[in-house]
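Analysis of the macromolecular model
The residues making up each chain are set out below.
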Amino acid sequence: QQVPTILVLHNADYMGIIETDFINDRFWSTVPAMRRLSVLFNLKQSALRKYCTFEGRFNMLKAGITFIQETQAGRGVCAVSANYGLELMRERTLFKGLPYILPLDNATDPADDLGTASVEELQASRLAAKIKLQKHCGLIEDPAAKILIFIGRWVKQKGVDHVA
């Protein structure tokens, strides 16, 4: 029995596209790109064409979308917000065959929401969190210290080459 699948879309511009230029040594230089991918992923070229090629490029997101279309009538695709889901349906051809893209609610606990806190309360909360992080990481406790947090894919597109 097939396990129901949910695919959550966060950055469809990235769309699972993988550049295949990295497969360029002497051995691979005489092998067509589709055959290279077939060997690397242990998939038939026909499966790669059907499930992993979109607009002439290798695209892993296409495989997820096609799988959900074939096995779940296109139901099971979600986006990080209602607006983002509507934008994808309107502007990205990969999602045109789906009946809809469901939005996900923000999973933050409303009890943690400090929306009614004053500026002073927020600054105190931020300082306490900074000191707690410095303690946890074994850093010098310095309320004036700058802390950089990087949340994202470690790819050049996200500027990881500028993180030292």
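Now for a look at the structure at hand. (Residues numbered from 1 in each chain as written. Predicted model: local features only at pLDDT ≥ 70, side-chain atom pairs only at ≥ 80, totals over all residues. Heavy atoms only, no water.)

What follows concerns the overall build of the protein. A count of helices and strands for the protein gives six helices and five strands. When the helices and strands of the protein are read in sequence order from the N terminus, they spell out β-α-α-α-β-β-α-β-α-β-α. Counting only residues that meet the buried cut, the protein has 24% of its 164 residues in that class. For the protein, restricting intrachain contacts to residue pairs at least 6 apart in sequence, the fraction spanning at least 24 positions comes to 50%. Of the accessible surface of the protein, which amounts to about 12200 Å², a share of 57% is contributed by carbon and sulfur atoms. (Helix = DSSP H or I, 4+ residues; strand = E, 2+ residues; numbered from the N terminus. Buried < 20%, exposed > 50% of the residue type's maximum accessible area, 1.4 Å probe, protein only. Contact = heavy atoms within 4.5 Å. Areas by Shrake-Rupley, 256 points an atom, 1.4 Å probe, with all protein chains shown as cover.)

All right, on to unusual backbone geometry then. Here the phi dihedral of Glu-55 falls at roughly 50 degrees; this positive angle occurs in a residue that is not glycine. Structurally, Glu-55 is set in the loop between strand 2 (53–54) and strand 3 (57–58). We note that Ala-73 has phi near 55 degrees; this positive angle belongs to a residue other than glycine. Structurally, the position occupied by Ala-73 is in the loop between helix 4 (60–72) and strand 4 (77–79).

The topology assignment puts Tyr-84 in helix 5 (residues 82–91). Overall, Tyr-84 belongs to the buried group, its relative accessible area being 15%. Counting along the chain gives 17 residues from Tyr-84 to Ile-101, while the straight-line C-alpha distance between them is 9.1 Å. When near neighbours in sequence (up to four residues on either side) are disregarded, Tyr-84 contacts Leu-9, His-10, Asn-11, Ala-12, Asp-13 and Ala-79.

Sheet architecture is open: three strands sit in the order 1-4-5, paired in parallel fashion. Of all the strands in the sheet, the pair left with one neighbour each is strand 1 (7–9) and strand 5 (102–103). As judged from the three bridges shared by strand 1 and strand 4, these two strands associate in the parallel manner. Across the sheet, Leu-9 pairs through a bridge with Ala-79, a residue of strand 4. The sheet contacts of helix 4 involve strand 1 and strand 4, and relative to strand 1 the element is tilted by about 130 degrees. (Pairing = 2+ DSSP bridges. Axes fitted to C-alpha atoms, helices over the stretch in contact; angles between N-to-C directions.)

Here we come to the packing of helix 3 (residues 45–52) against helix 4. Remark: helix 3 packs on helix 4, axes separated minimally by 8 Å, with the N-to-C direction vectors making an angle of 85 degrees. When the interaxial angle is binned, helix 3 and helix 4 end up roughly perpendicular. Counted together, Lys-50, Tyr-51 and Cys-52 of helix 3 and Lys-62, Ala-63, Thr-66 and Glu-70 of helix 4 form the full contact between these two elements. For the contact of helix 3 with helix 4, the per-class residue count stands at three nonpolar, one polar and three charged. (Parallel < 35°, antiparallel > 145°, perpendicular 65-115°, else oblique. Nonpolar A, V, L, I, M, F, W, Y, C, P; charged D, E, K, R; others polar.)

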